[in-house]
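# An overview of the molecular structure
Letter by letter, the chains look like this.
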Amino acid sequence: TKAIDIFIEEGVDHVIHAGDLFEKRSMTPSDSMFVKEELQRLIDSIKKNERKGVRILVVRGNHDGTSDNSVLEYIEHPLAEYLKVVGDEILRGKIELFECGGLSAVAVGYHPYIAERFKDIKPAVEESLSKASGKRFLVLHAFLSGYHDLPPGIPKHSVLTVHDLEDLDVETVVCGHHHDRKDPIELHGRCILTPGATEAIDLADEGQH
């Protein structure tokens with residue numbers, strides 16, 4: 001609710017959610033209804049106050065389930081054109097690009113072996129970006145070595161590195177998966193940022209988010 005209030009106050013054009021919108025193991029029907037109602041409040045308020053539409057891009061995180069059984073299906077609706085869940089087709093090596101109003105985004109959903117998988121799908125990522133126009137974003141649900149403080153014992157196969165992104169034609173990289181907010185950094189001519197989780201959904205999480 002606090003996040004939506006800020007979006008309304010700022011009159012946003014787009015919202016990017018980098019994953020872990022829900023906790024699949026404990027979510028209830030009322031949780032999905034709450035999120036849908038808050039997103040609809042954003043859409044209605046921006047339309048009324050700013051006389052424009054808002055597009056929402058959501059990437060599947062590990063707390064949201066698998067690509068075959070994702071709880072993001074509870075907020076997706078074929079008639080709700082304002083919301084798009086992306087990032088699973090690219091994991092299959094297919095071209096997948098979100099474009100709207102001067103913003104283009106390629107997203108990569110959660111994969112437990114992302115280090116190797118990213119090498120396999122990088123041609124699809126690059127080809128998708130080659131079709132992009134306007135401001136170009138890459139949205140990841142993954143730990144990024146060289147930027148994130150990695151949890152103890154995290155296996156190398158579950159981590160990307162900043163070097164994996166060096167030659168990608170993007171201006172901004174948005175990282176989910178790391179629940180603590182990180183200050184943005186400039187690296188290789190692009191901005192890398194981690195918004196952090198909107199709530200503490202893991203007992204290991206600390207502090208305000």
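Report on the accompanying structure. (Residues numbered from 1 in each chain as written. Predicted model: local features only at pLDDT ≥ 70, side-chain atom pairs only at ≥ 80, totals over all residues. Heavy atoms only, no water.)

Now for the sheet that holds strand β5 (residues 103–108). The strand order across the open sheet formed by six strands is β4-β5-β6-β9-β11-β10, and the pairing between neighbours is mixed. Across the chains shown, the open sheet's two edge strands, defined by having one partner strand only, are β4 (98–100) and β10 (182–187). Ignoring which end each strand starts from, the neighbouring axes of this sheet average 20° apart. Alignment of β10 against strand β11 (residues 190–194), held across four bridges, turns out to be antiparallel. Bridge pairing links K182 to T194 in β11. Sitting on the sheet, helix α3 (residues 114–130) touches β5 and β6 (135–141), and the angle it makes with β5 is about 160°. (Pairing = 2+ DSSP bridges. Helix = DSSP H or I, 4+ residues; strand = E, 2+ residues; numbered from the N terminus. Axes fitted to C-alpha atoms, helices over the stretch in contact; angles between N-to-C directions. Contact = heavy atoms within 4.5 Å.)

Sheet architecture is open: three strands sit in the order β1-β2-β3, paired in parallel fashion. Both outer strands of the open sheet, β1 (14–17) and β3 (83–86), are each paired with one neighbouring strand and no more. Shown here is a sheet whose adjacent strand axes are inclined to one another by a mean of 15°, direction ignored. Pairing analysis gives four bridges linking β1 to strand β2 (residues 55–59), with the strands arranged parallel.

Looking now at helix α2 (residues 29–50). Between its first and last C-alpha atoms α2 spans 31 Å; for 22 residues at 1.5 Å apiece the expected length is 32 Å, and the two agree. Inspection of α2 places S32, V35, E38, L39, L42, I43, S45 and I46 among the buried residues, and these make up the whole buried set. Downstream of α2 by a residue or two, R51 has a phi angle that is positive, lying close to 60°. (Expected span 1.5 Å × (residues − 1). Buried < 20%, exposed > 50% of the residue type's maximum accessible area, 1.4 Å probe, protein only.)

Mapped onto the elements of the fold, E23 is located in the loop between β1 and α2. A distance of 2.3 Å separates a polar atom in the side chain of E23 from a polar atom in the side chain of H63. (Polar contact = N/O pair within 3.5 Å; in protein donor to acceptor, adjacent residues only side chain to side chain.)

With 23 residues, the main nonpolar core has V108, F118, V125 and L138 as its most contacted residues. Elements represented by at least two residues in this core include exactly β5, α3, β6 and β9 (172–176). No other element matches the six residues that α3 contributes to this core. In terms of nonpolar packing, the next biggest core, distinct from the first, is built from 22 residues, V15, V54, L72 and L83 among them. (Core = buried A, V, L, I, M, F, W, Y, C linked by side-chain atoms within 4.5 Å.)

Turning our attention to the pattern of salt bridges. All told, the structure shown has 14 salt bridges when counted by the stated rule. Here D13 makes a salt bridge to K52, at a shortest N to O gap of 2.6 Å. Residue D13 is located in the loop between α1 (2–10) and β1, and its partner K52 is located in the loop between α2 and β2; the two are separated by 39 residues in the primary sequence. On the accessibility criterion, K52 (25% relative accessible area) is partly exposed. Among the charged side chains, a salt-bridge network with shared partners connects D5, E38 and R41. (Salt bridge = Lys/Arg side-chain N within 4 Å of Asp/Glu carboxyl O.)

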